[in-house]
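# A closer look at the structure
What follows is the residue order along each chain.
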Amino acid sequence: MKKSFSSLTLLWLLALTISCNTSNPDGVSEFKYNITMTELSEPSWYDLVDSVSYITLKSPDNTAMGEIKQLIVNNERIYVLADGFYCFDMEGNCLFKQTTKGRARNEFMDASSMSVSDGLLFIYDGMQYKGLFFNALTGQYISTLNSTVYGRAGYCKGDYVIINIRNEGDEARFIVFSKKDPENVLEDFFSGKEHLSYIRGTVSWVDDGLIYSSYRRDLAWKMTGKECIPYISITVPKEQKLPDQLIDEMIDNGTISPQGDVRGIYTYGLSEIKECDGFITGQLNDGKSFIYFIFDKGSGKSRFFKYPAKEVWQQLPIGENVCAGYKDCFCAIVNPESIIFLKTILGNIGKEPTQEKFRQAYNAISALTENDYAIVARIWLK
């Protein structure tokens, strides 16, 4: 496993007899990854993390980025979406940025989502319903696509744009169209009322599309242009699995959690899926807290655990703030307010026999100044 900054199903049937638009998605059993929930453990960083390193993002013109919405590491570049978008090299130097807001063809008012694929940086303006393409290496503006819907969108390989629409009642569905023909919708996933039990969920953008997971089910799908692939299924022990009756009640009530005394008894709701070359991470809901998992693609083994929150420094780096993995590690962006927390983490890890693997990260954190407004953590799992 590389440790340097420089290296950082029912499958879609050919006959198209079953897809994400099937009236019974829950009947699809042949997912690409079928993960069996194991007995919960209480691991710490020492058990799960092989090593961690940090890249300090150097502030351009001593200006702050504002609230960070998204992080992408692609082709030896670090892309950050905040009040605009920023691009850094792997040493943390700012290569270009775009923060000017406006209504011109090459400007945006509300950069709601970002994706990087095929050498293109795509920014979706959720206020003006348009997508803007930039050169991912230079930041030069290329073109604009106009849309008619509000939501978040991403560009993926194969010249496809996928929009995650937000409608009344927080219904989410997805439309796909070609960059060359934005007026023609090619596919429409999860749009029928029969899919209410799947519509509420989380989206993780990846280079070739997105992974969509359900708050009410233990299932996830991967959308890559015109394809919607049953991707991840979590097999929960029968005595812990949320009964269909309760799911139906949640749908009728418009909720994503069972009501009453049953909260905490059952495990359900797959969310926050992250993936790198070697691992998949995510979380399930047990009604009161989250159950996290790490799945090793190579060995096919999985580990399930709750946050070992006995000490703050034991919290694990696979939660909501971690971006989709880059090559063989996961990445996370951290603001200066967390520096003391990070020093505590690395200081405790430094007491372990693997201390040398974390010393570089500890030194990087210790050297941060007020002008270093953010850092990128690169985390290699065991």
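Just above, that's the structure.
Scoring rules and cut-offs
- Residues numbered from 1 in each chain as written.
- Predicted model: local features only at pLDDT ≥ 70, side-chain atom pairs only at ≥ 80, totals over all residues.
- Heavy atoms only, no water.
- Buried < 20%, exposed > 50% of the residue type's maximum accessible area, 1.4 Å probe, protein only.
- Helix = DSSP H or I, 4+ residues; strand = E, 2+ residues; numbered from the N terminus.
- Pairing = 2+ DSSP bridges.
- Phe/Tyr/Trp six-rings, centres within 6.5 Å; stacked < 30°, edge-to-face > 60°.
- Lys NZ or Arg CZ within 6 Å of the ring centre and 35° of its normal.
- Axes fitted to C-alpha atoms, helices over the stretch in contact; angles between N-to-C directions.
- Polar contact = N/O pair within 3.5 Å; in protein donor to acceptor, adjacent residues only side chain to side chain.
- Contact = heavy atoms within 4.5 Å.

### Some remarks on the pairing of strand 19 (residues 268-275)
- When you tally the buried positions in strand 19, you get 8 out of 8 residues, the bulk of the element.
- Note that strand 19 and strand 20 (residues 279-285) share 5 bridges and pair antiparallel. When the sheet's bridge partners are listed, Y268 is paired in strand 20 with N285.
- Following strand 19, the chain reverses through 3 residues before pairing antiparallel with strand 20.

### Focus on unusual backbone geometry
- We note that Y129 has phi near 55°; this positive angle belongs to a residue other than glycine.
- Positionally, Y129 belongs in the loop between strand 8 (120-125) and strand 9 (130-135).
- Residue classification places Y129 among the partly exposed positions, given a relative accessible area of 33%.
- A positive phi angle, close to 50°, is found at E272, a residue other than glycine.
- Judged by its relative accessible area of 16%, E272 falls in the buried class.

### Focus: the packing of aromatic side chains
- Here the structure, examined in full by the defined rule, presents 18 aromatic pairs.
- For the ring pair Y33 and Y231, a centre distance of 5.5 Å and an interplane angle of 90° mean the geometry is edge-to-face. Here Y33 is found in strand 1 (residues 33-36), whereas its partner Y231 is found in strand 18 (residues 227-235), with 198 residues between them in sequence.
- One aromatic cluster is present, built from ring pairs that chain together F31, F174, F190, Y212 and W221.
- The ring of F133 carries the charged tip of K179 above its face, separated from the ring centre by 5.0 Å.

### Points about the pairing of strand 9
- The element strand 9 is largely enclosed, with a buried count of 5 among its 6 residues.
- Two strands pair when backbone bridges link them, and strand 8 and strand 9 are joined in this way by 6 bridges, in the antiparallel orientation. The residue of strand 9 that forms the bridge with F122 is F133.
- Where strand 8 folds back on strand 9, the antiparallel hairpin that results is connected by 4 residues, among which Y129 adopts a positive phi of roughly 55°.

### Re the sheet that holds strand 5 (residues 85-89)
- Read across the open sheet, the 4 strands follow the order 3-4-5-6; overall the sheet is antiparallel. Each edge of the open sheet carries a strand with a single partner, namely strand 3 (70-74) and strand 6 (94-98). On average, each strand axis in the sheet is tilted by 15° relative to the strand beside it, whichever way the strands run.
- Where strand 3 meets strand 4 (residues 77-81), 5 bridges bridge the pair, whose relative direction is antiparallel.

### What to know about the side chain of S147
- Structurally, the position occupied by S147 is in the loop between strand 10 (141-146) and strand 11 (151-156).
- Taking the relative accessible area as the measure of exposure, S147 reaches 17% and is therefore buried.
- Engagement of the side chain of S147 in a polar contact is seen with the side chain of Y124, the distance being 3.4 Å.
- Setting aside its immediate chain neighbours within four residues, S147 contacts Y124, Y129, K130 and I163.

### Side note on the sheet that holds strand 2 (residues 49-57)
- Read across the sheet, 4 strands follow the order 2-25-24-23 without closing on themselves; strand pairing throughout is antiparallel. Both edges of this open sheet fall to strand 2 and strand 23 (322-326), since each of them pairs with a single strand only. Direction aside, the axes of adjacent strands within the sheet are offset by 25° on average.
- Pairing analysis gives 3 bridges linking strand 23 to strand 24 (residues 329-334), with the strands arranged antiparallel. Across the sheet, residue C323 finds its bridge partner in strand 24, namely C331.

Function cannot be read off these values alone, since they describe shape.
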